[in-house]
Structure formats: structure tokens, C-alpha cells
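This is what each chain is made of:
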Amino acid sequence: MKIVELDKSKKDSVLPLLFDILHSNMSRIAPSGKSYEDEFSFWISCVSPALDKESRKILLIYDGCVLAGFFQYFVNGGLFMIEEIQLCREYHRTSALGELYAYLVGIIPEDTELVEAYANKSNHRSIAILNHLGLEAIGETDDGSLYRFRGRYKNIPRYKGILKKHREKRF
């Protein structure tokens, strides 16, 4: 696996590919009942301007030259916000998440205190992963469709071991 930060100057050509992965996953888990075109228009209207902010990032996850998924996040004021993580179906239950996790440990600032994420209430796998990482549901969105999770970044399981291995590689 190779992880590359999205070149934001190319977002207009890449975002449709990312939406296809998102839509493929979420239409099975939590169908909205809206058309593909309506969902795409709404998603693009939110994500594209958000990427104009320097802190907003998208990591592209490749298996060779095949786009396997993406990870959208930001770090600001001691908060690591996981906005979206999507893998193509054939990369579910593979080493892709572990490799992404190891990569993130190397780029998230050491002084980061909190990690937050949202999960669709119908997405039991995402909820289980967030719980495994030590995040707890602390609320939900106004429309009640998503849980909001929070935890201390340094309490994430295996954090210290992965960080130690990563630092050993750098020196």
C-alpha cells in the first residue's frame, strides 16, 4: 500500500472518484433514498470548499496504481478530526487500515490531545472500530443519523508501540 496526500490543485478530477467509493459503501449500509446525482452534488458542495482550508487533508490509499480508498481529516488546536475513511469493498478486512494507522502516527503532531469522529448509526462496523480505538459516543448530530465519538489520542490502543517503531525507523 502507498499513501499519498491529495494534491488539492487536482481535487476536481479526484473528488468524483472518491465519491464513487463513498457511495458504493454507504448505499449498502445506509441508503439515503436520494439519487446519485443529488448525493454527489451535496457532497461536492461540502467537501470541495472545505479543502480550501489548509488544515483539511485527504490521503489517497493506493494498492500499486489502484485507488483502494481515502481518508479525510484535519488537525487543529490539539484535535484530530476523522472526517471520512472509505475503502473499496475488496480492501475491507485487509491490512489497509493498519497501514493507514501506522502512517497517521508519523504525521499527527505529538501534542494532539483529542480524536473525534462521526459514524452513521447503521454502520455497525465503523462504530465497532471507533470503540476498539477507545473512542466513546458522546452525542449525535441534530438529525439523529450520526453518533459523535471522542477519545484521547494517546489512549488509542497500540499507539505507543506503533509510535516507537515509527521513530526507530526514522533514526
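Being a predicted model, the structure only gives us computed values, none of them experimental. (Residues numbered from 1 in each chain as written. Predicted model: local features only at pLDDT ≥ 70, side-chain atom pairs only at ≥ 80, totals over all residues. Heavy atoms only, no water.)

Novice: What exactly am I supposed to notice about the pattern of salt bridges here?
Specialist: If charged atoms from side chains of opposite charge come close, those side chains can pair. All told, the structure shown has six salt bridges when counted by the stated rule. Between Glu5 and Lys57 there is a salt bridge, with the nearest N and O atoms lying 3.7 Å from each other. Remark: Lys57 occurs in strand E2 (residues 56–63) and Glu5 occurs in strand E1 (residues 2–5); sequence separation between them is 52 residues. Looking at Glu5, the relative accessible area reads 39%, which means it is partly exposed. A salt bridge links Glu140 to Lys121, with the nearest nitrogen and oxygen atoms 2.8 Å apart. In this pair, Glu140 is assigned in strand E6 (residues 136–140) and Lys121 in the loop between strand E5 (114–120) and helix H4 (124–132), connecting sequence segments 19 residues apart. By relative accessible area, which is 25% here, Lys121 ends up partly exposed. Here the salt bridges share partners, and the residues they tie into one network are Glu116, Arg148 and Arg150. (Salt bridge = Lys/Arg side-chain N within 4 Å of Asp/Glu carboxyl O. Helix = DSSP H or I, 4+ residues; strand = E, 2+ residues; numbered from the N terminus. Buried < 20%, exposed > 50% of the residue type's maximum accessible area, 1.4 Å probe, protein only.)

Novice: Mind showing me how you'd approach the sheet that holds E1 here?
Specialist: Backbone-to-backbone hydrogen bonds pair the strands of a sheet. The strands run either parallel or antiparallel. Pairing is mixed in the open sheet, where seven strands are placed in the order E1-E2-E3-E4-E5-E7-E6. Sheet topology places E1 and E6 at the edges, where each strand pairs with a single neighbour. Between one strand axis and the next, the sheet turns by 30 degrees as a mean value, whatever way the strands run. (Pairing = 2+ DSSP bridges. Axes fitted to C-alpha atoms, helices over the stretch in contact; angles between N-to-C directions.)

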